[in-house]
Structures are given as structure tokens and as C-alpha cells.
Amino acid sequence: MNTSTLGYPKAGVAWATTFYLALLYWLAVLDRYIISLLVDPIKEDLGITDVQFGLLHGFAFAITYAGFGLFAGFLADRFSRRWVIFASVSIWSLATAACGLVNNFWQMMVARIGVGFGEAGLNPCAVSIISDLHPKKSLTRAMAVYLVGASIGSGCAYLLGGLLVEYVSRFDTVIFPVLGELRSWQAAFVYVGIPGVLLGIPMLLIKEPERRGSLAARGEALTQTFLGSYAKLLRYLLEHKYYLYHFLGFGFPAFVVIAGSAWYPAHMSRTFDWSPAEIGASLGLMTLLSSALGKVICGVVVDWLYARGYKDAHLRFYAYGMLCSMPFGIIGMISTTPWVFFSCMGFFMLFVAMLAVVSNTAMSMVTPNELRGTTVAFFSATTGMVAMTAGPVLVAMFSRIFFNDESIGSGIAVLIGICIPLSAGFLIRGMPLFKQAVIDAELRDGG
């Protein structure tokens, strides 16, 4: 493993690579969610139930994404990250296209597993590469640019994906070279999947950045096995108290993010009596604008604070920002007026969307290079799976216990009122530990 404390790559090269990685993240999210626009034709042609579709959309992808994400984190710390990303893009793109070639539920299940398998390799490697391309003074902005790709991707899944689905739906079948005649919904998967293989090729032309901040540079042994790598990670996390506050402080907002995405449409339908089309367009636009803008603001402000000596800027800004936005989130969820809901929730989402930016950047700044990918993957797998499992269920429980199932929005408001103060409390408590960890990392990394 190469390590160096020499200068970073030229700014133009670093930012061009970052924007390219953002493009790949955009593609990943687009491929991940395009299936949600094709529910009815898939169910009709494959003869599956709502429960089976739910397994295809969520379970098959999520379990594979979390499970292989752990292995991808190991690969990111040990092997060429650009080759891992190239392989990942190729796998998920071909798997997306394969979704358009299936004839039954189990074939679609295998294809969706392939999508999750491939996409799991992107984030640990991309975060690791970005951390080696940019100095700490601009790292938050770079991470924000990368993660804006996910925000745009989720919006495009509904906007551009909707246009594509509308176009192919004009035809009963579409004829492709080699593949032959396909149903219109199958064609949508092929149109989205095949170009992704080509978009992954430039990754091989990018120079692998030198790894920075490695413990191996100080003579410590490098663990080469998967289990040994995670055993070393767990020992490291237990030895450094900061990570407890990181996992808890950034874990609780994940409950709100995931539960909200699951229940916002139902809340709007029940409260405002809006159609699915009205909900999709308005909610998609609000989420896209708030998420992208929030990440950009976060990158600029946190780097500005860090440059002025606030070594704990990432935790400080997010903790106090979430506390300030919490009343807006609660008011928005209990309101029965659409404009109050959108204005308040738009402001609340502005801060919620900063979660991945500050979390990934904070981990990258204080974690040794050979543990960076595994740490990102471990955090995503653990907090993500817990939040996906418990978040939507907690909202339903709060709604039933406190409001007799009459207000799902009030259930979300209760979740916000519980999770955000807990998150802020853990982050504020962890600020001194993070500050010291940043100082130690700067000494380790050579500034």
C-alpha cells in the first residue's frame, strides 16, 4: 500500500474525479429506484403480489447492499479502488438491464440481488478516494458534491425515469438487436442499464490516488483477511471512544430519514386527499431541491468553520442545525395545510439531508486509511439496517399508541421529537472527542 504525505493532486484533477464519482452515484440511484415506476406492468406480466413486489423493491436489494457492502469496504481498503468501482458499475448496470429480460419472480429476485451487489461497491471506494484527493479544508465540499449525485439521482428516478416509462409505454413491445422483442416495461430497464456499462469505463483511466493517513506507514501490520480486517476495525472502534458518539449521533437521524421516505406519501394522501401523481411531483421536487441545496450549504459552511479553527465543525453544525430545524419538522407534520407542510418540511429536510455529508466526512477525517472503507461500510450496514427495520414500524406504533391510527403525520412528528434531541445530545457530547481525533489525524497524516 502506497502512503504519502506529499501534496494532493491538482485541484482540477481532484474535482473532475469527484464530479465523475457523483455522476456514477446519480446512475446508481436511478437504476435502484426505476423499478418503483413500473409496479403495475411488472405485477401483471410476472403474476406477482404486492408482498412479492415489496421483496423485490426493498428486501432483495437492501440485504444484498448491506451484506456485500461490508466486503466492498474490505476491498476498498486493500485493493485498487478504481477497479472495484469499475466492476461494481458494470455489475449493477448489467443487472439492471437483466431486470428487463426476466420471465418470473425468482429471475427478477436474482437480478435485483445483482443490482444491490454491484451498487454496494461504489460508496466505500468513492468516499475513500475523495478523502485522498482533497485536503481536509475542502473535504466537506467535495463530499457534498459527490452526495448531491444521490439527490439528483433520486429526483431523476421520478422525473427522467417517468419520461422514459411514458415513452416506452406508447408501444406494446420494443425490438432490440440480439435481445429481440421485449415488453415496454422490460425495455425501460434495458435503456437505463446498458449505458451504465459505458459510463464505468472512464474509471479505468483515472489515476489511483495515493493513500494518506495510514497506520501501516508507522510500522503497524496490515491485516489481509476479511474477518481479520473487521476484527481489527472493531478493536479500533472500541479503543477510540469518539466512534460511539458518531454512530449514535448520526444513527438517530437515519430513523427520521428512512421512516419519512416510507410514510410521507401516505400522510399526504390521507391528509390532503391528493392523487399519486400530485404527491409524486410535489414531494419529489421538494425532496430534490431541499436535499441538493442542503448538501451544498453544508459543504460550504462546514469547511468555512473548519478553516477558522473549529475542528469539531462537522458535529457542531449538524447538531445545532438539527435542533433549530426540529420545530419546523414537527409543525409541518401535524399541519393539515399543504403550503405549511411543504414550507416547514422543506426547511427541515434542508438539514436532514446533510446527514451523509457530515457523517462520511467526519469518519474520513479521523479514520486511518486502511480502516476507512470498512468503517464507512460498517456504519452504513449497521445503522442503515436498524433504521430500515425500526424506523417505519416506530411511526406506525406511535400513530397507533398516541393517536389511535388517526394521524400518521403526528406519528412522524413524535419520532422527530425523540430522535433529533437524542442525536444532538450525542453529537454535542462527542464534539471534544472528535476535535482531539482530528488533531491526532492531522499529526498522523502530515497536516
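Computed from a prediction, not measured in an experiment: that's the story for all the values here. (Residues numbered from 1 in each chain as written. Predicted model: local features only at pLDDT ≥ 70, side-chain atom pairs only at ≥ 80, totals over all residues. Heavy atoms only, no water.)

1. Details of the overall build of the protein chain
From N to C terminus, the protein chain includes 16 helices and two strands. Counting every position in the protein chain, which comprises 447 residues, the buried fraction comes to 55%. The contacts in the protein chain between residues at least 6 apart in sequence include a share of 81% that link residues at least 24 apart. Of the roughly 18,600 Å² of accessible surface on the protein chain, a fraction of 68% belongs to carbon and sulfur atoms. (Helix = DSSP H or I, 4+ residues; strand = E, 2+ residues; numbered from the N terminus. Buried < 20%, exposed > 50% of the residue type's maximum accessible area, 1.4 Å probe, protein only. Contact = heavy atoms within 4.5 Å. Areas by Shrake-Rupley, 256 points an atom, 1.4 Å probe, with all protein chains shown as cover.)

2. Notes on a nonpolar patch on the surface
A surface patch of nonpolar side chains, about 370 Å² in accessible area, is lined by Val 51, Leu 55, Phe 59 and Ile 63. Examined against the element boundaries, Ile 63 turns out to sit in helix H3 (residues 50–78). Exposure remark for Ile 63: the relative accessible area of 39% places this residue in the partly exposed category. (Patch = residues over 30% accessible without salt bridge, like charges linked within 9 Å, V, L, I, M, F, W, Y side chains within 5 Å. Salt bridge = Lys/Arg side-chain N within 4 Å of Asp/Glu carboxyl O.)

3. Structural notes on the environment of Thr 271
Following the sequence through the fold, Thr 271 ends up in helix H10 (residues 242–272). Assessed through its relative accessible area of 30%, Thr 271 is described here as partly exposed. As for Thr 271 and Thr 337, which are separated by 66 residues in sequence, their C-alpha atoms are 8.5 Å apart. Contact partners of Thr 271, with chain neighbours within four places excluded, come to Ser 335 and Thr 336.

4. What to know about the side chain of His 246
Looking at the element boundaries, His 246 is found in helix H10. Each residue touching His 246, except ones within four places of it in the same chain, is listed here: Gly 251, Ser 359, Ala 362, Met 363 and Phe 379.

5. Things to note about unusual backbone geometry
Leave glycine aside and you will find that most residues have negative phi; peptide bonds, for their part, are mostly trans. A positive phi angle is found at Asp 273, which is not glycine, with a value near 60 degrees. Along the polypeptide, Asp 273 turns up in the loop between H10 and helix H11 (276–307). Taking relative accessible area as the criterion, Asp 273 reaches 68% and is therefore assigned exposed.

6. Side note on the pattern of salt bridges
Summed over all chains, the structure comprises seven salt bridges. Ionic pairing is found between Asp 45 and Arg 183, a salt bridge with its closest N-O pair at 3.0 Å. With a gap of 138 residues between them, Asp 45 in helix H2 (residues 39–46) and Arg 183 in strand S2 (residues 180–183) connect regions that are remote in the sequence. The exposure class of Arg 183 is partly exposed, given its relative accessible area of 38%. Salt-bridge contacts for Arg 141 lead to Asp 303; the nearest nitrogen and oxygen are separated by 2.9 Å. In this pair, Arg 141 is assigned in helix H7 (residues 136–168) and Asp 303 in helix H11, connecting sequence segments 162 residues apart. The class of Asp 303 is buried, set by a relative accessible area of 3%.

7. Here's the deal with the packing of H10 against helix H12 (residues 313–334)
H12 packs onto H10 with a crossing angle of 25 degrees between their chain directions and a minimal axis gap of 13 Å. Judged by the angle between their axes, H10 and H12 are roughly parallel. Judged by the twist between their axes, the crossing of H10 over H12 is left-handed. Contact residues: Tyr 242, Phe 250, Pro 253, Tyr 264 and His 267 in H10; Leu 315, Tyr 318 and Met 333 in H12. (Axes fitted to C-alpha atoms, helices over the stretch in contact; angles between N-to-C directions. Parallel < 35°, antiparallel > 145°, perpendicular 65-115°, else oblique. Left-handed = near helix turned anticlockwise from the far one by under 90°.)

8. Concerning H12
The terminal C-alpha atoms of H12, which comprises 22 residues, lie 32 Å apart, in line with the 32 Å expected from a rise of 1.5 Å per residue. Along H12, the sharpest change in direction is near 35 degrees and occurs at Ser 325; proline Pro 327 comes one to four residues later. (Expected span 1.5 Å × (residues − 1). Bend = angle between axes of the 7 residues up to and from the residue.)

9. Some details on the packing of aromatic side chains
Per the stated rule, a full pass over the model turns up 27 aromatic pairs. Ring centres 5.8 Å apart and planes at 55 degrees place the aromatic pair Phe 71 and Phe 226 in the tilted group. You can see Phe 71 sitting in helix H3 and its partner Phe 226 sitting in helix H9 (residues 226–239), a full 155 residues away along the chain. Classification of Phe 71 by relative accessible area gives partly exposed; the value is 32%. Taken together, Phe 68, Phe 71, Phe 74, Phe 79, Phe 117, Phe 226 and Tyr 230 form an aromatic cluster joined through their ring pairs. Directly above the ring of Tyr 65 sits Arg 32, whose terminal nitrogen or CZ lies 5.2 Å from the centroid. (Phe/Tyr/Trp six-rings, centres within 6.5 Å; stacked < 30°, edge-to-face > 60°. Lys NZ or Arg CZ within 6 Å of the ring centre and 35° of its normal.)

10. Observations regarding the side chain of Thr 140
Structurally, Thr 140 can be placed in helix H7. In this structure Thr 140 comes out as buried when scored by relative accessible area, which is 0%.

11. Here's the deal with the nonpolar core
If you look at the biggest cluster of nonpolar residues, it comprises 100 residues, and the most contacted ones within it are Leu 21, Ile 85, Leu 122, Tyr 146, Met 203 and Phe 250. Considering each element in turn, this core owes the most residues, 14 residues, to helix H16 (residues 408–445). In this structure, Leu 122 is in contact with Leu 24, Tyr 25, Ala 28, Ile 85, Ser 88, Trp 92 and Tyr 146, ignoring residues within four places of it in sequence. Of all hydrophobic cores here, the second largest spans 23 residues; its members include Leu 46, Phe 61, Ala 95 and Met 108. (Core = buried A, V, L, I, M, F, W, Y, C linked by side-chain atoms within 4.5 Å.)

12. Quick word on the confidence of the model for the protein chain
Chain-level pLDDT for the protein chain is 84 on average; 88% of the residues reach the 70-or-more range. Predicted confidence in the protein chain is weakest over strand S1 (residues 173–176), with a mean pLDDT of 69, and strongest over H12, with 95. Predicted confidence is poor over residues 1–5, with pLDDT under 50, and the contacts of this stretch with residues over four places away or in other chains come to 17 contacts. (pLDDT = per-residue confidence, 0-100.)

13. Examining the environment of Ala 396
Mapped onto the elements, Ala 396 comes out in helix H15 (residues 369–403). For Ala 396, a relative accessible area of 31% translates into the label partly exposed. Between the C-alpha atoms of Ala 396 and Ala 259, which are 137 residues apart in sequence, the distance is 9.5 Å.

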